[in-house]
Amino acid sequence: MALETEQQPTAIRFPDPAVDGYHQCWYAVAMSDEVPSGRVLGKEFLDGRIVVWRGDDGVARVHSAYCRHMGADLALGEVDGCVLRCEFHHWEYGADGRCAKIPVQDHIPERARLFSFPTQERFGLIWAFNGEAPLYDLPAFPTTATEDIVSRVFQIEPLPVPPYVILSNTHDFQHVAIMHGATMEHEPQHFDVQEHTIEFENEVHDPTLGTTQQHFKIFGTNTLTLANQTGPMLLLSLFTATPINNAATTGYTVTGTLAAAPDPQRIIDHGEHFARTIMEDDNPVLMTMRFRPDTPIAADRALMRWFRRAAEYPAAHPSRELIT
Ligand code: FES
Ligand SMILES: [Fe+2]
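Residues numbered from 1 in each chain as written. Chains lettered and ligands numbered in written order. Predicted model: local features only at pLDDT ≥ 70, side-chain atom pairs only at ≥ 80, totals over all residues.

Visitor: Residue-level account of the pairing of strand β11 (residues 119–122), with values.
Guide: In this sheet, strand β12 (residues 125–129) lies alongside β11 in antiparallel orientation, the contact comprising four bridges. Paired with Gln 120 across the strands is Trp 127, a residue of β12. In this structure, the hairpin formed by β11 and β12 is closed by a connection of two residues, where Phe 123 is found at a positive phi of approximately 60 degrees. (Pairing = 2+ DSSP bridges. Helix = DSSP H or I, 4+ residues; strand = E, 2+ residues; numbered from the N terminus.)

The structure is reproduced here in structure tokens:
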């Protein structure tokens, strides 16, 4: 009986970033308040480097970091109005990433353009999509309108595993009790699996939150929105993971509640404590594991379904030539 339900691990082949690229997801690349109007900031992203900048129109933009002229790092440049000027020979790039001005000639070569990442801003984070165009909408809480939410964000320490390994926690129901001390009557039974999202509900008895109704929605392979309803208190937790430096993953946690709730900052304090407690439980494992799902068992059914999805999820790297 047990043999029939054991999963065969050999079929799973995860994308190799050097060959297949990275999952095509919305990735948080900076916190909004790191990039005020008129500023440019260099950031590591995927296996390369990007610039995140904001013109005086207030709109955040994300481009490949290296100038198409001689490869200077545009993070050394300056923002002037709505253009980004390279430090080295003063080529200027517009909001679309195309070079708009070369001081010593009128002709602008066609190839003088940066990789322009689709960019949006939400929950105090600047998000870039790994692709020419987004494959799905920017993450949001399915249960609560974004404009009704007040939230706070913090960045976590880099971890040496890909985002889909960190997000696999959402489908690892055995570790919820063992690592986090939370119990549930039974595992979630219904998973609403769409092309780019997975949604399900659960009831847990959590040591920090108490008895809580949880609504999970996972976007791509790197972002979880989790709405926790504990009695009258709605606590919103978002976790998102971003590949950096080729083999590491940084992440951001957003904690929020209804702006109209009594004392929302107290709820957010409580929610940040919840998020940090979870990460303190998991991080020693994530920091040291050699991830390989060698011997899955019947109880890992949901977890293995997640890993098969991660193996099949679209991967690409259209910015590779320009960010590395
Ligand atoms: S390297 Fe940027 S203008 Fe020359
Ligand atoms: Fe966990």
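Visitor: Summarise helix α5 (residues 264–288); cite the residues concerned and give the values.
Guide: An ideal rise of 1.5 Å per residue puts 36 Å on 25 residues; α5 measures up with 36 Å between its terminal C-alpha atoms. Along its length, α5 reaches its greatest deviation from straightness, about 45 degrees, at Asp 282, and the proline Pro 284 lies no more than four positions downstream. For α5, the set of buried residues is Ile 267, Ile 268, Gly 271, Phe 274, Ala 275 and Ile 278. At its buried positions, α5 is contacted by β13 (149–159), α4 (173–180), β18 (233–244) and β19 (248–258). (Expected span 1.5 Å × (residues − 1). Bend = angle between axes of the 7 residues up to and from the residue. Buried ≥ 20, exposed ≤ 12 C-beta atoms within 10 Å, placed from the backbone. Contact = placed C-beta atoms within 7 Å.)

Visitor: Which residues make up the sheet that holds strand β6 (residues 78–80), and what values do they have?
Guide: With antiparallel pairing, four strands are arranged side by side in an open sheet as β6-β7-β8-β9. The sheet is open, and its two borders are formed by β6 and β9 (99–101), each paired with just one other strand. Note that strand β8 (residues 92–93) and β9 share two bridges and pair antiparallel. By the bridge assignment for β9, Glu 92 is matched with Lys 101.

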